[in-house]
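Structural description and commentary
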Amino acid sequence: MTQNKRSINSHIEEYLNYYCNLSSAPGFAVLLKGDWGSGKTWFIKEYQKKLKEQKYKVLYVSLYGVASFSEIGNIFFQQLHPILSSKGMAITNKIFSGLVKATFKIDLNNDGQDDGSVSSQMPQLDIPYYLQKTDGTILIFDDLERCGIEIGNILGYVNTFVEHEGLKVILVANEDEISDPSGSYSRIKEKLIGKIFSVSCDFSGALQQFVSESDAETQKFLHDHTELIECIYKGTNYRNLRILKKIVLEFKRIFIGLPDKVKKQPELLCDILKLITAFSIEIQRGFIDPGDIGKCHDTAEPTLRRVRNEITPEQEERQVLLRKVHDIQTKHRISEMFPNAVWWQLFLDEGRMDSHELERSISTSQYFQDENTPK
């Protein structure tokens, strides 16, 4: 795979570097927007890693399904103080809350100094107070459009950190999906957000990252064939990066389970990669159902002989399915469905790698014709 030195979203990263390095409070938040599946979360997670490598303190929260400010505070608190908020400490809290009347000295902002005491009689921690002690922290709020809190209220909450606490805040959202019946988003956005960027679908960057997380053998094969994945991905006009990681993980699982004689057939491995890529995308967008793939016992004949009023509903259904699968094979130049259709259904629909169907496929495959021909 060829990878440009500058990724498609390099300009966003350059601006965020400038924003995060400002010596004084900027007084505004940055919004990263894009459609679902465009890679916004992947981009900001990768950028968050880079910030942490530079010793920045970064707090991240996905607002998906969050219905109260206390939930946000709890998530931030867990990241600030993983030991204090751990399961073991939670059990300890129950013990000293109910039995031991004691007071613990706690360093709330990791500066090595005691920030006061927390009494065992306190019903809960005042999370917003702790966030006031996070000078220099960068806050990231992802999935803004999926938050269960009314948009005007959540933006008002965010504005507190920006305007009153002087923190740097990055918002991530599919702006087109933000529900704003009262018009509060438009009003507060003008005051709160000082810079907006549209995140572009960085296919190459995301795929390279996902491939690098595989084992050495699988990684080498995928690295040599990422252009093949890209060709299929772009050929389907599908623009959702979430499916890429699934494709890589599914192929890795298949690859590891293949016998050596299959791994020695590069063309056959390419067909398997084409199939898992195409099937994953078409299933994701609802073109085919994984539970129906096993009905395609033979895709060599894409159509059935049809005489009006002489075809059953079952034959009609199978004909439609055969045509869909045949179209996938033809479009992506897949010479043979290997392993067979039953194996693929079990794998895609039930998560099973059936060794019996795999051996049956090897015994009938054109790739092993010489081996399978009686001597």
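Residues numbered from 1 in each chain as written. Predicted model: local features only at pLDDT ≥ 70, side-chain atom pairs only at ≥ 80, totals over all residues. Heavy atoms only, no water.

This next bit is on the packing of aromatic side chains. For the coordinates displayed, the defined rule picks out 16 aromatic pairs. Taken together, the aromatic side chains of Phe-69, Phe-76, Phe-141, Tyr-157 and Phe-161 make up a single cluster linked through ring pairs. The ring centre of Trp-36 lies 4.7 Å from the NZ or CZ of Arg-146, which sits over that ring. (Phe/Tyr/Trp six-rings, centres within 6.5 Å; stacked < 30°, edge-to-face > 60°. Lys NZ or Arg CZ within 6 Å of the ring centre and 35° of its normal.)

With that settled, consider unusual backbone geometry. Of the consecutive residues Phe-338 and Pro-339, the connecting peptide bond is found in the cis state with omega at -15 degrees. Assignment of secondary structure puts Pro-339 in the loop between α14 (313-331) and α15 (341-350). With a phi close to 70 degrees, Lys-55 is a non-glycine residue in the positive phi region. Structurally, the position occupied by Lys-55 is in the loop between α2 (40-53) and β2 (58-62). Unusually for a residue other than glycine, Asp-143 sits at a positive phi of about 60 degrees. Residue position: Asp-143 is located in the loop between β5 (138-142) and α6 (151-164). (Helix = DSSP H or I, 4+ residues; strand = E, 2+ residues; numbered from the N terminus.)

Per-chain confidence: the chain averages 80 in pLDDT, with 76% of residues scoring 70 or above. Confidence drops under a pLDDT of 50 for residues 93-127, and excluding neighbours within four residues, the segment shows 48 contacts in the predicted structure. Of the regions scoring below 50 in pLDDT, residues 298-309 engages in 19 contacts with residues more than four places distant in sequence or in other chains. (pLDDT = per-residue confidence, 0-100. Contact = heavy atoms within 4.5 Å.)

Moving on, we come to the nonpolar core. Leu-244, Val-262, Phe-279 and Trp-344 are the most contacted members of the largest nonpolar core, which totals 48 residues. Elements that contribute at least two residues to this core include exactly α8 (203-212), α9 (216-224), α10 (226-235), α11 (242-257), α13 (266-284), α14, α15 and α16 (355-364). No other element matches α13, which puts 10 residues into this core. Those residues within four positions of Leu-244 in sequence are excluded, and the remaining contacts are Phe-203, Ala-206, Leu-207, Phe-210, Ile-229 and Tyr-233. Of all hydrophobic cores here, the second largest spans 29 residues; its members include Phe-141, Ile-151, Tyr-157 and Val-158. (Core = buried A, V, L, I, M, F, W, Y, C linked by side-chain atoms within 4.5 Å. Buried < 20%, exposed > 50% of the residue type's maximum accessible area, 1.4 Å probe, protein only.)

Another aspect to go through is α16. Those residues of α16 that fall on the buried side of the exposure criterion are Glu-357, Leu-358, Ser-361 and Ile-362. The arc that holds the buried residues of α16, viewed along the axis, is 140 degrees, so those residues lie on one side. With respect to the buried face of α16, the exposed residues turned more than 90 degrees away are His-356 and Thr-364. Residue Asp-354 occupies the N-cap position of α16, its side-chain oxygen lying 3.0 Å from the main-chain nitrogen of His-356. (Arc of directions from axis to C-beta. Polar contact = N/O pair within 3.5 Å; in protein donor to acceptor, adjacent residues only side chain to side chain.)

As a further point, take the side chain of Asp-271. On the secondary structure map, Asp-271 appears in helix α13. Although Asp-271 lies buried, it forms no salt bridge, and the closest oppositely charged side chain, Lys-274, sits 4.2 Å away as judged by the N-O distance. Residues contacting Asp-271, with those up to four places away along its chain left out, are Arg-333, Ile-334, Ser-335, Glu-336 and Tyr-367. (Lys, Arg positive; Asp, Glu negative; His and termini not counted. Salt bridge = Lys/Arg side-chain N within 4 Å of Asp/Glu carboxyl O.)

This paragraph deals with the sheet that holds strand β1 (residues 29-33). An order of β2-β5-β6-β1-β7 is seen for the five strands of this open sheet, with the pairing classed as parallel. For this open sheet the edge positions go to β2 and β7 (193-198), each flanked by a neighbour on one side alone. Across the sheet, the mean angle separating the axes of adjacent strands is 15 degrees when strand polarity is ignored. Here β1 runs beside strand β6 (residues 168-173); their pairing, made up of four bridges, is parallel. Bridging from a neighbouring strand, Lys-33 pairs with Ala-173 of β6. In the packing of helix α1 (residues 10-20) onto the sheet, the strands contacted are β1, β5, β6 and β7, and the crossing angle to β1 comes to about 165 degrees. Each of β1, β6 and β7 touches helix α7 (residues 184-192); the most contacted strand, β7, lies at about 105 degrees to it. (Pairing = 2+ DSSP bridges. Axes fitted to C-alpha atoms, helices over the stretch in contact; angles between N-to-C directions.)

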